[in-house]
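# Fold and contact review
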Amino acid sequence: MLGIIEIFLFLCVVYYLFGKRTGDMVDVISMRLQEAYAFGWGDGGQRVEERPTFDFLRRFGEQQRRKRAQEVETDKRTRETSLYEIKESAMQVPTPPHRVPQGLACRYCVPGSEIQLDPHERRRDVIDVLRTTQHANQGPNQSYLDWATWFPILAQCLRVKKYVFPEVSPKVLEDERVRSAIDQAAVQSVREERQAAEAQGRPFNDTETYTEMLERHNKRAKKVMLDMRSKLSNVLLQITSWLVYKILPCFLTGAVAHPAQIEMLKAASSRSPGTPLIFLPLHRSHLDYVLVTFMLLNNDLKVPVIAAGNNLRIPFFGEALRGLGAFYIKRKIDPITGKKDIVYRAILHSYLQHCLTAGHNAEFFIEGGRTRTGKPCIPKSGILSVVVEAFMEKAVPDVLLVPVSVNYERLVDGNFVAEHLGQRKPPETFTSAISAIWKAVKSNYGLMRIDFNEPFSLRELVEAFKRTQERELPRTEPGDRLLQQTKSSTSLYGTDIVQEDHRGLVDSIARHVVYDCASATSVMSTNAVTFLLLTQFRRGVTISVLARALDRLRDNLHGLKDMGFTGDSEAIIEYVVTLLGKQLITLDKINGEMFIKPINTVPAMLELAYYANTLMPFYALESVVTAAIYALLPDKEMGLEEKVTVLEEELLELCHRFCDILRYEFILNKPCQDLHSLLHETLQKMQDRDLISIPKKIHTEAELDAKRMHRRLLLNNDIDSDEEEFVQCAPFRDDNVVVINMSQRHHHINSIAILAPIARTYLTVVDYLHRLLGNAQLEIEFIKGAIAEIRQKFDNQECEFGESVSVEMIKNCLKLLEKWSVVQVECAGGVRLLSLTHHYNSSAGIEEVYHRIQAFNCIHHFSFDSDRP
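A brief structural summary. Because the structure is predicted, anything quoted here is derived from the model rather than measured.

Our focus in this paragraph is the packing of aromatic side chains. Within this structure, the stated rule accounts for twelve aromatic pairs. Ring centres of Phe279 and Phe452 lie 6.2 Å apart, and the angle between their planes is 75 degrees; this geometry places the pair in the edge-to-face category. Linking Phe279 in strand E3 (residues 277-281) with Phe452 in strand E8 (residues 447-452), this pair joins segments that are 173 residues apart in sequence. Each member of the pair Phe279 and Phe452 is classed as buried. Here the aromatic rings of Phe618 and Tyr619 are separated by 5.0 Å at their centres, their planes lie at 90 degrees, and the arrangement is edge-to-face. Among the aromatic residues, those joined into a ring-pair cluster are Phe316, Phe317 and Phe430.

Here it is as structure tokens:
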């Protein structure tokens with residue numbers, strides 16, 4: 001059988017090499033005959049009865065060649081005569097369309113970054129990596145080229161660059177930190193056994209028990225390491241790459257990336273050889289693991305080891321993921337509440353540190369688990385703290401942090417409606433994995449987009465953090481260090497070796513990364529259409545009006561956010577309706593026009609909100625400002641005047657209060673940004689769009705002189721208390737006002753509608769606090785009761801937002817109330833008990849909190865109109 005195949009392939013090659021040349025010769029002779037026939041023996045010719053000879057054909061061919069040579073010479077002379085005229089005319093260079101620069105790092109935190117690309121390179125179009133092979137048509141061997149032409153995907157998978165992935169688990173078990181943790185755990189176990197023996201009155205031998213406990217903890221450490229470790233395999237990577245090429249097109253229309261971002265990562269790897277790349281993606285789907293690795297592998301970048309939850313360690317798939325780089329960590333580090341598993345923590349810390357020192361790249365999801373709402377989650381900084389600690393201990397000279405954003409037109413993992421309604425997440429099993437894959441390959445999930453942000457140098461981030469501390473926290477003594485190596489009494493997730501003074505740095509980096517990931521996330525077609533439906537057209541709209549609104553949204557986002565779709569807006573809307581399905585959006589023909597309407601049920605609204613929430617962070621600050629404006633307006637002024645005013649100082653103060661309410665819903669600013677300045681910038685942007693105006697006060701000459709004197713006094717810093725009091729009450733403060741353009745009322749409604757579901761949930765939770773008066777309640781029971789309360793309000797049409805029925809928002813509200821010291825949480829017997837603090841343990845105290853949030857709920861001023869133009 002093998003011999004037959006070889007003969008067949010040989011014949012194919014012979015035909016390809018020689019048959020093609022023979023065919024070319026026949027084509028040339030036929031062309032010569034046709035030309036000669038048309039020249040001398042065509043219809044109306046004088047020698048029809050004669051047949052051409054070989055000599056005649058040869059002479060005729062020479063004549064034709066001379067004729068073509070003369071034509072070429074004539075054309076050359078014509079071009080030379082017009083050369084100077086061409087030079088004198090101005091050459092028109094088409095201006096490339098303005099696009100958002102891809103992969104920009106923070107210029108404040110990383111001012112000296114060398115890993116940058118030319119801005120024009122960032123404007124290159126994205127590529128579909130599922131249909132683009134890098135190596136299929138490259139190589140010096142001619143026979144390989146022929147084979148690769150027939151099997152391009154296989155050729156691509158075989159030609160990917162192979163790296164050495166050193167095994168570090170033996171070094172981890174011999175690490176001093178792990179040995180010390182094992183000894184400490186053995187001593188702790190001996191102490192517990194002694195206490196038990198004394199309580200029972202039986203004899204006890206310290207030496208024998210210590211030897212036994214030490215052996216037990218050594219065995220456990222080896223098992224933990226075997227269960228945790230990654231086993232990266234080049235062969236398995238190649239096989240998986242081939243499978244991805246074959247399977248993903250069954251349910252994705254494309255998987256696209258930006259080539260300039262890939263080149264940026266290659267530049268980072270080449271300019272900083274040996275420096276690990278730490279990929280920090282936002283987590284949307286289990287497919288994220290595979291796609292990031294697939295993207296890096298097929299662009300000859302070193303694939304990372306990946307921190308994965310041990311819930312994914314299921315038969316077959318668990319080992320496959322381990323071969324692709326996954327190392328498994330427990331979702332709950334400490335099996336017993338209140339007691340640290342110091343051995344496990346030390347192994348995790350040492351394993352990741354040894355991976356970095358061995359040259360591995362790493363990847364972990366900064367949010368922890370997958371986002372259930374579509375918005376970026378507040379980061380969990382445990383694994384990041386290990387990376388920072390490795391740098392602080394000089395185990396690695398530097399690492400490059402790469403924020404990564406993955407987005408899908410339709411989520412492959414399905415919706416999270418059941419979890420929003422309080423149900424537990426079903427555990428991952430082999431059967432559920434097979435079922436999910438089978439369901440996926442029979443469906444259409446549209447386009448997938450992956451974006452890599454510009455790498456951050458951790459060394460530069462630490463230096464920027466130190467500069468910030470020097471400005472904001474003056475040291476008591478010149479020799480004091482800003483980041484002191486003091487032992488922490490508590491721990492972050494994943495390690496308890498974190499220095500206390502590093503916590504601020506780790507938290508700042510984590511929030512910075514999540515903010516950048518959200519900013520770099522491309523807007524998919526489903527994000528844009530669902531955002532408009534939930535903020536403007538909940539009661540339905542004609543497709544033509546929705547298309548105009550989509551055009552305005554695209555114009556507004558142009559140059560600010562990268563769009564993951566192109567084309568006519570009406571065609572995009574029809575595509576989104578088909579992709580999401582009739583269970584979410586209906587499309588009917590009414591009075592000759594197509595009418596589109598979101599399904600007004602809790603499950604449908606929760607799923608639609610998931611896609612719309614990708615755009616929510618981008619408009620969050622503008623929504624805060626708009627909500628604050630309308631909160632300051634008396635009801636009698638709503639819509640009665642063309643323009644109304646509010647004081648700017650009061651407006652900004654209320655904005656800060658609203659931002660505090662949203663602290664667990666959005667990351668509104670990077671740690672290196674001042675929120676007050678961002679609010680001022682938001683006001684300026686709204687003024688540029690004619691939504692508001694801020695008139696400048698015209699000062700008299702006397703007022704200007706007083707301002708100059710005040711500035712000189714402050715600079716000289718030589719004013720006494722009486723002069724300081726005079727300066728503070730001097731009448732040259734600006735009492736600027738903000739003038740609201742009420743003709744743009746529909747825009748204000750849209751902005752407020754972004755925050756309205758959050759306000760409704762928070763108000764319901766605060767009102768439900770009356771159940772805690774005088775007694776404590778299990779947190780899980782309180783959440784179930786609050787969910788039922790919001791669901792009932794939606795069914796009774798007291799709440800128009802189905803997405804308000806969300807466990808995630810209830811948990812965020814409880815975090816806020818705990819931050820405000822309204823509620824307190826106590827852990828007893830492995831459960832969490834909620835109770836009111838002393839100051840708020842009364843109806844009056846609850847009402848105080850309710851009114852504090854009530855100003856945030858401004859949507860009651862408006863109603864959603866159908867078919868708004």
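This brings us to the pairing of strand E11 (residues 585-590). Across six bridges, the pairing between E11 and strand E12 (residues 593-598) is antiparallel. By the bridge assignment for E12, Lys589 is matched with Met594. Counting the residues that bridge the hairpin from E11 to E12 gives two residues, and of these Asn591 lies at a positive phi of roughly 55 degrees.

On to the sheet that holds strand E16 (residues 777-778), then. Taken together, the three strands give an open sheet; going across it, the order is E16-E18-E17, and neighbouring strands pair in antiparallel fashion. Pairing within the sheet leaves two strands with one partner each, and these edge strands are E16 and strand E17 (823-828). As paired elements, E17 and strand E18 (residues 831-836) share six bridges and run antiparallel to each other. What sits directly across from Ala828, in E18, is Val831.

For the pair helix H24 (residues 616-632) and helix H25 (residues 648-661), interaxial distance at closest approach is 9 Å and the crossing angle is 120 degrees. By the criterion of interaxial angle, the relationship of H24 to H25 is oblique. In this structure, H24 crosses over H25, and the sense of that crossing is right-handed. Where H24 approaches H25, its residues Leu621, Val624, Val625, Ala627, Ala628, Ile629, Ala631 and Leu632 are matched on the opposing element by Glu650, Leu651, Leu654, Cys655, Phe658 and Cys659.

How each quantity is defined
Sequence positions are assigned chain by chain, starting from 1 and proceeding in written order. In view of the model being predicted, local features appear only for residues whose pLDDT reaches at least 70, and side-chain atom pairs are presented and counted only at 80 or more, with totals across whole chains, interfaces and linings using the full set of residues. The side-chain numbers reported here are obtained from all heavy atoms of the structure, hydrogens and water having been left aside. Whether two aromatic rings pair depends on their centres lying within 6.5 Å, for rings of Phe, Tyr and Trp, where Trp uses its six-membered ring; planes under 30 degrees apart make the pair stacked, over 60 edge-to-face, and the rest tilted. Only DSSP runs of H or I reaching four residues or more are called helices, and only runs of E reaching two or more are called strands; each is numbered from the N terminus. Working definition: with a 1.4 Å probe on protein chains only, accessible area under 20% of the residue-type maximum means buried, over 50% means exposed, and in between means partly exposed. For two strands to count as paired, DSSP must find a minimum of two bridges between them. As a rule, the C-alpha atoms of each element are fitted with a line to give its axis, helices using only the stretch in contact, and angles between N-to-C directions run from 0 to 180 degrees. Note on terminology: angles under 35 degrees are roughly parallel, angles over 145 are roughly antiparallel, angles of 65 to 115 are roughly perpendicular, and the others are oblique. In this scheme the handedness of a crossing depends on how the near helix is turned from the far one: anticlockwise by less than a right angle means left-handed, clockwise means right-handed. In what follows, residue pairs with any heavy atoms lying within 4.5 Å of each other are defined as contacts.

Interpretation in functional terms is not warranted from these geometric data alone.
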